[in-house]
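# Examining the three-dimensional arrangement
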Amino acid sequence: MASLCGRLMLNAAKRNITYTPVRFCKMMNDPIEHATGLEKRELLAHRAGDTDPFDMRVFKRGPGTKENPNMIPSAFESRLVGCVCEEDQTYIQWMWLHQGHPKRCECGHWFKLVEKAPI
């Protein structure tokens, strides 16, 4: 019985079957075909050329006066905004902006929320 078991293992080792990934590899489908919901809308926006569909990039402050505030786009009625008031500052001054109500940061710059269509 032991020799039969040893012979079966030896025969299995002699087969030396190898599978190469190239042999069974098929092209992956486009990720957009598998994505759904918000992920799909983000991928479609990237394909259309919008590299920042959620407006997460850092904005450079403009003049920031009350008559000409820094415009912050948002698809919602409010948005959390951070302001680095001074160049050497080691913390961020956070504030909530609400639609239709410009707000002044502690450094004196004004910010205003403007409506942006959601993706």
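Residues numbered from 1 in each chain as written. Predicted model: local features only at pLDDT ≥ 70, side-chain atom pairs only at ≥ 80, totals over all residues. Heavy atoms only, no water.

This part takes up the environment of histidine 109. Tracing the sequence through the fold places histidine 109 in the loop between β4 (103-104) and β5 (110-115). Residues within four places of histidine 109 in sequence aside, it is in contact with Arg61, Gly62, Pro63, Gly64, Asn70, Lys103 and Arg104. (Helix = DSSP H or I, 4+ residues; strand = E, 2+ residues; numbered from the N terminus. Contact = heavy atoms within 4.5 Å.)

Among the structural elements, glutamine 89 can be located in the loop between β2 (78-83) and β3 (93-98). From its side chain, glutamine 89 meets the backbone oxygen of tyrosine 91 in a polar contact 2.8 Å long. Not counting chain neighbours up to four residues away, the residues in contact with glutamine 89 comprise Cys83 and Val84. (Polar contact = N/O pair within 3.5 Å; in protein donor to acceptor, adjacent residues only side chain to side chain.)

On the basis of which strands lie adjacent, the open sheet formed by three strands has the order β1-β5-β4 and mixed pairing. Two strands bound the open sheet, and with one partner strand each, they are β1 (70-74) and β4. Of the strand pairs in this sheet, β4 and β5 are connected by two bridges, and their pairing is antiparallel. Paired with arginine 104 across the two strands is tryptophan 110, which belongs to β5. (Pairing = 2+ DSSP bridges.)

On to the pairing of β2. Every other side chain in a regular strand lies on the same face of the sheet, so the side chains alternate between the two faces. Of the two faces of β2, the one holding Arg79, Val81 and Cys83 is buried and the one holding Ser78, Leu80 and Gly82 is not buried anywhere. Of the strand pairs in this sheet, β2 and β3 are connected by six bridges, and their pairing is antiparallel. Bridge pairing links valine 81 to methionine 95 in β3. (Buried < 20%, exposed > 50% of the residue type's maximum accessible area, 1.4 Å probe, protein only.)

Below, the discussion takes up the UniProt feature "binding site: Zn(2+)" (unreviewed entry) in the protein. Under the UniProt annotation, the feature "binding site: Zn(2+)" (unreviewed entry) is placed at Cys83, Cys85, Cys105 and Cys107. In summary, the annotated positions, though distributed over 25 residues, converge in three dimensions, the widest C-alpha pair being only 8.7 Å. Of the residues named above, Cys83 line the largest pocket. Considering the arrangement of structural elements, one finds cysteine 83 in strand β2. Residue classification places cysteine 83 among the buried positions, given a relative accessible area of 2%. Apart from residues lying up to four places away in sequence, cysteine 83 is in contact with Arg61, Gln89, Ile92, Gln93, Met95, Cys105, Cys107 and Phe111. (UniProt positions renumbered as here; feature names shortened; annotations may be inferred. 1 Å grid on protein atoms, 1.4 Å probe; cavity = no way out; pocket = protein on both sides within 12 Å on 5 of 7 lines; lining within 4 Å.)

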